[in-house]
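Examining the three-dimensional arrangement
The residues making up each chain are set out below.
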Amino acid sequence: MKKINTFWKITLVLFTLAALFIAVVVGWHLYKHRYGIKYSEPYTRNMYKHYYHNGTLRLFNKTTNKIVTPKLGWVSAYRESDSLAVFCYKNKRGYLSLSTGETVVPAQYDAAWIFSEGLGAVVKNNKLGFIDKTGKPVIPFKFTFNNLLSKKIDYVFKNGCCVAESCGKKGLIGHDGNWVLRPEYDYILTREHGFWVVEKNKKYGLLDKHLHFVLPVEYDHITLADDGVVVANNGSQQKLAFDAQTVLQPFVYDEVKKLTYNTGTFADEYGNESETSETSDCFAYRIHTQWGLMDNNGDIITKAVFDGIEALSKNLFDCQKGDKGTILDSNQITN
C-alpha cells in the first residue's frame, strides 16, 4: 500500500510541475505577444525604435547599448536639421534629444510642434505659446487653440513669422509674439519659397516673404507647387512663376475622369442581372472642388463651375450645382 501511495505522490508532483511549466511558458508567450518587441527600425544614426505589440515604442541607444525612454505613444520623424524631437507619453507631449534619446522637456503639453528658428509651439489648457530648447516659455500662452481646427495648421516659424489665432481668425506673429499680420483670415498656409497663402471669406490671396500682397484676396483657390503658383478663378486655372506674373501653363486641372452612362441591364444564364454601360464623348475635369467638361481631344467645353457631372448618353450630361441640375448637350455648347 505504501508503494502505491508513493507512486501517486510522485505522479502528482510531476503533474503539478509539468502544469506549472506549461503555464509559465504560455504566460510568457502571451506576455511577449502583448508587451514584447514586435519589430525594430533605425531612427537616428545612433538610435533604433523598438515597436511593441501593444502599439507603443521605445528608443534604444546603440552607443550606450541601453533603452533610453519609457514606452511612448509616438515620436516625430527624424530630420538632420533638428536637435530635438516631439514625443507623446501618456497622451502628453514633450521633447527629447535626437543625439541621446534623453528627455529634455518633460511630457506636459496637450500638443507640440518641432522647433523652428529656435522656438517650439506648445499647447496648454487650450492656449498656444512658444518655448525655447530648455523648455523656458518665451512667448506667453495667449493665443487661441481650437483642438479640431487648429491641428490642421503647422505652428512653425518661417522667415521670422508664424501663424497664430485670435477669436477664430488667423494672423502672423513675429519672434516677440506681436502681430505682424493682423488676425483677420480664416486660414493661412506656407511652404517653401517664402510665400503665404491666406483665405478670407472663401477667397484666396498670396503674400511674399515681406508680407506684401502679390496676388489680392480674390481668387477661388491658390496652391503653392514646387515649381510655381497654381491659381484658380472663375472656373479656370493656370500656373504662374514665383513672380506671380509670368504664365508657365495657361491651363492646368487637378483631376480628370471618364464619364460613362448606363445603357440597360442583361441577365445571364442563371438569371443574375448586371448593368451595361458605355463611355460618353466627354471627360469631366476638376479644378479645386468644381467640375467642368472637356472633349476627347482635351478641348474645354465648359468651365469648372459645377459640383458634379454625370453622363446620361454620349453627348447629354446632368450638371449639378447646389440642389439644382442642368441637362447640357455637348454638341450644342460653346464655352
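Further up the page is the structure itself.
Now for a quick tour of the structure.

Reading the values: the criteria
Residues numbered from 1 in each chain as written. Predicted model: local features only at pLDDT ≥ 70, side-chain atom pairs only at ≥ 80, totals over all residues. Heavy atoms only, no water. Helix = DSSP H or I, 4+ residues; strand = E, 2+ residues; numbered from the N terminus. Buried < 20%, exposed > 50% of the residue type's maximum accessible area, 1.4 Å probe, protein only. Contact = heavy atoms within 4.5 Å. Areas by Shrake-Rupley, 256 points an atom, 1.4 Å probe, with all protein chains shown as cover. Phe/Tyr/Trp six-rings, centres within 6.5 Å; stacked < 30°, edge-to-face > 60°. Pairing = 2+ DSSP bridges. Axes fitted to C-alpha atoms, helices over the stretch in contact; angles between N-to-C directions. Patch = residues over 30% accessible without salt bridge, like charges linked within 9 Å, V, L, I, M, F, W, Y side chains within 5 Å. Salt bridge = Lys/Arg side-chain N within 4 Å of Asp/Glu carboxyl O. Core = buried A, V, L, I, M, F, W, Y, C linked by side-chain atoms within 4.5 Å. Polar contact = N/O pair within 3.5 Å; in protein donor to acceptor, adjacent residues only side chain to side chain.

**Some remarks on the overall build of the protein chain**
The helix and strand inventory of the protein chain stands at one helix and 29 strands. Across the 335 residues in the protein chain, those meeting the buried criterion constitute 39%. Long-range contacts, defined here as pairs at least 24 residues apart, represent 26% of the contacts in the protein chain between residues at least 6 apart. Counting only carbon and sulfur atoms, one obtains 53% of the accessible surface of the protein chain, whose full area is about 19,800 Å².

**Topic: the side chain of T302**
Its place among the elements puts T302 in the loop between strand 26 (290-295) and strand 27 (308-311). A relative accessible area of 8% places T302 in the buried class.

**So, unusual backbone geometry**
With a phi close to 55 degrees, K90 is a non-glycine residue in the positive phi region. In this structure K90 comes out as exposed when scored by relative accessible area, which is 69%.

**Section: the packing of aromatic side chains**
One pass over the structure, following the stated rule, counts 12 aromatic pairs. With 6.3 Å between their ring centres and 20 degrees between their planes, Y109 and F141 make a pair best called stacked. Of this pair, Y109 sits in strand 8 (residues 103-109) while F141 sits in strand 12 (residues 137-144), and the two are 32 residues apart along the sequence. Taking the relative accessible area as the measure of exposure, Y109 reaches 4% and is therefore buried. Pairing W113 with F145 gives two aromatic rings, centres 6.0 Å apart and planes at 70 degrees, and the pair type is edge-to-face. Of the two residues, W113 sits in the loop between strand 9 (111-112) and strand 10 (120-124) while F145 sits in the loop between strand 12 and strand 13 (162-166), which places them 32 residues apart along the sequence. Of the two residues, W113 and F145, neither departs from the other in class, the shared state being buried.

**Description of the sheet that holds strand 17 (residues 196-200)**
Taken in spatial order, the four strands make up an open sheet running 16-17-18-19, and their pairing is antiparallel. Two strands bound the open sheet, and with one partner strand each, they are strand 16 (187-190) and strand 19 (213-219). When strand polarity is set aside, the average angle formed by the axes of neighbouring strands in this sheet is 15 degrees. Bridge analysis of strand 17 against strand 18 (residues 203-207) gives five bridges, and the strand direction is antiparallel. Note that in strand 18 the partner of K200 across the bridge is K203.

**Observations concerning the sheet that holds strand 23 (residues 247-249)**
Spatial strand order, 20-21-22-23: four strands in an open sheet with antiparallel pairing. Strand pairing shows two members of the sheet lacking a second neighbour, strand 20 (221-224) and strand 23, which therefore form its edges. Averaged over neighbouring strand pairs, the angle between their axes works out to 35 degrees when direction is ignored. As paired strands, strand 22 (residues 236-240) and strand 23 are joined by two bridges and run antiparallel to one another. Bridge pairing in strand 23 links L240 to V247.

**As for the pairing of strand 21 (residues 229-233)**
On a regular strand, one side chain projects to one face of the sheet and the next to the other, so that they alternate. In terms of burial, strand 21 is a largely internal element, four of the five residues being buried. The turn linking strand 20 back onto strand 21 is made up of four residues. Of the strand pairs in this sheet, strand 21 and strand 22 are connected by five bridges, and their pairing is antiparallel. Residue pairing for strand 22: V230 is matched across the bridge by K239. Adjacent in sequence and paired antiparallel, strand 21 and strand 22 are bridged by two residues, among which N234 carries a positive phi angle near 55 degrees.

**Points about a nonpolar patch on the surface**
Taken together, the side chains of I10, V13, L14 and L17 present a nonpolar region at the surface, about 390 Å² in accessible area. As for its placement among the helices and strands, L17 is situated in helix 1 (residues 2-35).

**Structural notes on the nonpolar core**
Taken as a class, soluble globular proteins show a tendency for nonpolar side chains to be buried jointly. Formed by 27 residues in total, the largest nonpolar core has its most connected members in W113, F130 and Y155. For this core, the secondary-structure elements that each account for two or more residues are strand 10, strand 11 (127-131), strand 12, strand 13, strand 14 (169-173), strand 15 (179-185) and strand 17. Residues contacting F130, with those up to four places away along its chain left out, are L119, G120, A121, K136, P137, V138, I139, Y155, F157, C162 and I173.

**Thoughts on the environment of D186**
As for its placement among the helices and strands, D186 is situated in the loop between strand 15 and strand 16. Looking at D186, the relative accessible area reads 26%, which means it is partly exposed. Note: C-alpha distance between D186 and K169 (17 residues apart in sequence) is 5.5 Å. Reaching out from D186, the side chain makes a polar contact with the side chain of K169 at a distance of 2.5 Å.

**Description of the side chain of K239**
Assignment of secondary structure puts K239 in strand 22. In this structure K239 touches D227, G228, V229, V230, T246, V247, L248, Q249 and V252, once residues within four positions along its chain are discounted.

**Regarding the pattern of salt bridges**
A full pass over the atoms with the stated rule returns 10 salt bridges. Residue D220 pairs with K203 through a salt bridge whose shortest N-O separation is 2.7 Å. Remark: K203 occurs in strand 18 and D220 occurs in the loop between strand 19 and strand 20; sequence separation between them is 17 residues. Take K203: its relative accessible area is 29%, and that puts it in the partly exposed class.

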